[in-house]
There are 2 protein chains.
Amino acid sequence: MTIPSAGALLGPVGVVGLGLIGGSIGLDLRDQGVDVRALVHREATAGRALERGLADVVSTDPAVLAPCRLVVLALPLDRLLEPAPALLAALPAGAVITDVGSVKAPVLERWQPLHPRFVASHPMAGTSQAGVEAGVRGLFVDRPWVATPGPTTDPEALDQVRALALALGARWFCCAAAAHDRAVALISHLPVLVSGALLQAADQGSGAAAASGEPELPQLVRALASSGFADTTRVGGGNPELGTLMARHNREALLAALGHYRQALDALESDVRAGAWPRLQAELERCQQLRPEFL
Amino acid sequence: MTIPSAGALLGPVGVVGLGLIGGSIGLDLRDQGVDVRALVHREATAGRALERGLADVVSTDPAVLAPCRLVVLALPLDRLLEPAPALLAALPAGAVITDVGSVKAPVLERWQPLHPRFVASHPMAGTSQAGVEAGVRGLFVDRPWVATPGPTTDPEALDQVRALALALGARWFCCAAAAHDRAVALISHLPVLVSGALLQAADQGSGAAAASGEPELPQLVRALASSGFADTTRVGGGNPELGTLMARHNREALLAALGHYRQALDALESDVRAGAWPRLQAELERCQQLRPEFL
């Protein structure tokens, strides 16, 4: 794909927070000649961010954002939902403000009244890294970037966030915040719990066996676990703070997703219990057919 | 690691079935100068197996096994548990017989009385491929190969299967059949159901949303699903026949594993429901600590 140049369009761009997402945005925009001005929490981060070239100017003083026409709030969800007063005061009234939070309804609800040109958005890119060392070039290429405008979202502001997403090579999506949150509950937040519970079951199941006459089980499951187990448990072994924030701020949708999951698992278990092998095989065939639709 | 040479030790080796496991064994043993004689079900397979060099002699006549001192039954679990009378009659009385089945207690129970030198074993290697085209060189290198001797297993026969496993570069394990089956229920068979149910939940959860006023959800979940979802659902989208065979022949251990899984998921869900965020985070921290133990 051709990546549109961001230079002319966006003017000085502010980035609040230079972790994985903020740092990656900074690197890519600077490569395209955009003037990037970053606000960070700590002096040490500022120094290291400048060394890494994540922004042209990095400061702990919110005034650094003054000349920006677009500001990306690349903050963890909890700090985004309880923004510092000094940050709020420093956001230019005429600038477009967007965020990168992975749950959208509470962000939209909180920020819509705070700034007339706020656009809620979610670039869906990640690695297991975090912090000022995490930012990498090209993180957003071919990844979804979902905006969730509300009834009062400024259409011209939405266009500018779209231009940013396309400049970074992302695929642009627009949907209602509730739809976004329901979707990520099913495909992103539910998998964390499903996968984490598998780690705990392997630990607890083998521990229980050890307690009742099979002392080798805990070591055996650890020695024999293969790539299939590693893949299925990857997201369950991820960042606990992040997993908790997602669950906390997308609680209702996650509980609904867990309900659907429980129904599906119950059906498979009852096939096993009843020895209904043709039915179990039909269910697993359905799973095999479904998966390519999600890849 | 240094891979011991199999040539002197093993003499002619018979392989029954030239799918992924049998074909891979044949390729590696022939590379080491071992005479490999294979029994297959269909003439077409025999021709293709010879073209691929999976064995020196390939036949649909069980008499091909007559000169073998070691025979590997590389058959699907159902055919292994109901062996053809012609195969049984053709197994040399003095040869060591082993299998590659992924559940061990029923195999040991069935085969121990059938042949005095039977050794139940399970090379834990796999790809998503099956059939005569699937065999590859080096499949077993650094993979576990688990033997599950019973009280009457011939120790010298066990040694010969160990020599085979080491010749193929595998890591050798020995444990009780029940312990093996409990372990693979937790780390291999449970993940198939856990992962398959996630595919169904994403499908059904988004379908339910579409039916109640969010028509875009089914497309949205499919468009936004990322590498995390892909990893978590990989084994659930695998071979349905294989998944069903595992469940069928390891039913009790799988149901026990499902019980442990349900407890773990229930605890996570109740944290979300109660808004017990520090407790949820502690649970996810435990998951994060556990995972490296299984890698």
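Residues numbered from 1 in each chain as written. Chains lettered and ligands numbered in written order. Predicted model: local features only at pLDDT ≥ 70, side-chain atom pairs only at ≥ 80, totals over all residues. Heavy atoms only, no water.

> Tell me about the sheet that holds strand β5 (residues 96-99) of chain B, and name the residues and values.
Residue and element names in this part refer to chain B. Spatially, the 6 strands line up as an open sheet ordered β3-β2-β1-β4-β5-β6, and their pairing is parallel. In the strand order of this sheet, the two ends are held by β3 (57-59) and β6 (118-119), each with one partner. In this structure, β5 lies alongside β6, joined through 2 bridges in parallel fashion. Among the inter-strand pairings, T98 is bridged to a residue of β6, identified as V119. Lying on the sheet, helix α7 (residues 155-167) is in contact with β4 (70-73), β5 and β6; it crosses β5 at an angle near 55 degrees. (Pairing = 2+ DSSP bridges. Helix = DSSP H or I, 4+ residues; strand = E, 2+ residues; numbered from the N terminus. Contact = heavy atoms within 4.5 Å. Axes fitted to C-alpha atoms, helices over the stretch in contact; angles between N-to-C directions.)

> Could you give me a rundown of the sheet that holds strand β9 (residues 171-174) of chain A, with the residues and numbers involved?
Residue and element names in this part refer to chain A. Taken together, the 3 strands give an open sheet; going across it, the order is β7-β8-β9, and neighbouring strands pair in mixed fashion. Each edge of the open sheet is held by one strand with a lone partner, namely β7 (121-123) and β9. Pairs of neighbouring strands in the sheet enclose a mean axial angle of 15 degrees, with direction left out of account. When strand β8 (residues 144-147) meets β9, the two strands line up parallel, connected through 4 bridges. Pairing of W145 across the sheet is with W172, part of β9.

> Give a description of the packing of helix α8 (residues 177-211) of chain A against helix α9 (residues 217-224) of chain A that names residues and reports values.
All names here are of chain A. Where α8 contacts α9, the two axes come as close as 7 Å, and the packing angle between them is 145 degrees. Between α8 and α9, the contacting residues are A202, D203, S206, G207, A209 and A210 on the first element and L217, P218, V221 and R222 on the second. Class assignment for the residues of the contact of α8 with α9 results in 6 nonpolar, 2 polar and 2 charged. (Nonpolar A, V, L, I, M, F, W, Y, C, P; charged D, E, K, R; others polar.)

> How would you summarise the side chain of E214 of chain B if you had to cite specific residues and measurements?
Considering the arrangement of structural elements, one finds E214 of chain B in the loop between α8 (177-211) and α9 (217-224). Within the structure, E214 of chain B has its side chain in polar contact with the side chain of R182 of chain A (distance 2.5 Å). For E214 of chain B, the contacting residues outside a window of four places in its chain are A178, A179 and R182 of chain A together with A209 of chain B. (Polar contact = N/O pair within 3.5 Å; in protein donor to acceptor, adjacent residues only side chain to side chain.)

> I'd like to hear about the interface of chain A and chain B, residue by residue, with values.
At the interface, 92 residues of chain A touch 92 residues of chain B. Both sides together, the interface formed by chain A and chain B hides about 8,700 Å², and carbon and sulfur atoms give 67% of it. The interface formed by chain A and chain B includes 12 salt bridges. Of the charged contacts, one joins R182 of chain B and E214 of chain A as a salt bridge, the two residues approaching to 2.5 Å between their closest N and O atoms. Remark: the boundary between chain A and chain B carries 26 residue pairs in polar contact (both at pLDDT 80 or more). Of all the secondary structure elements, the ones that give two or more residues to the side of chain A that touches chain B are β8, β9, α8, α9, α10 (227-233), α11 (240-249), α12 (251-274) and α13 (277-290) of chain A. Sorting elements by how many residues they give to the side of chain A that touches chain B places α8 of chain A first, with 26 residues. Looking at the side of chain A that touches chain B, its residues break down into 49 nonpolar, 22 polar and 21 charged. (Buried area = accessible area lost by both parts, 1.4 Å probe. Salt bridge = Lys/Arg side-chain N within 4 Å of Asp/Glu carboxyl O.)

> Any details on the relation of the copies chain A and chain B? Residues and values, ideally.
Least-squares fitting of chain A to chain B yields an RMSD of 0.0 Å, with the superposition described by an axial translation of 0.0 Å and a rotation of 180 degrees. Both copies are brought into coincidence by an operation consistent with a two-fold rotation axis. Distance from the rotation axis, computed per C-alpha, reaches its smallest value in chain A at T232 of chain A: 2.1 Å. An overlap of 100% is found between the interface residues of chain A and their copies at the interface of chain B, pointing to a shared contact surface. (Least-squares fit on C-alpha atoms with pLDDT ≥ 70 in both.)

Read these as geometric descriptors, not functional statements.
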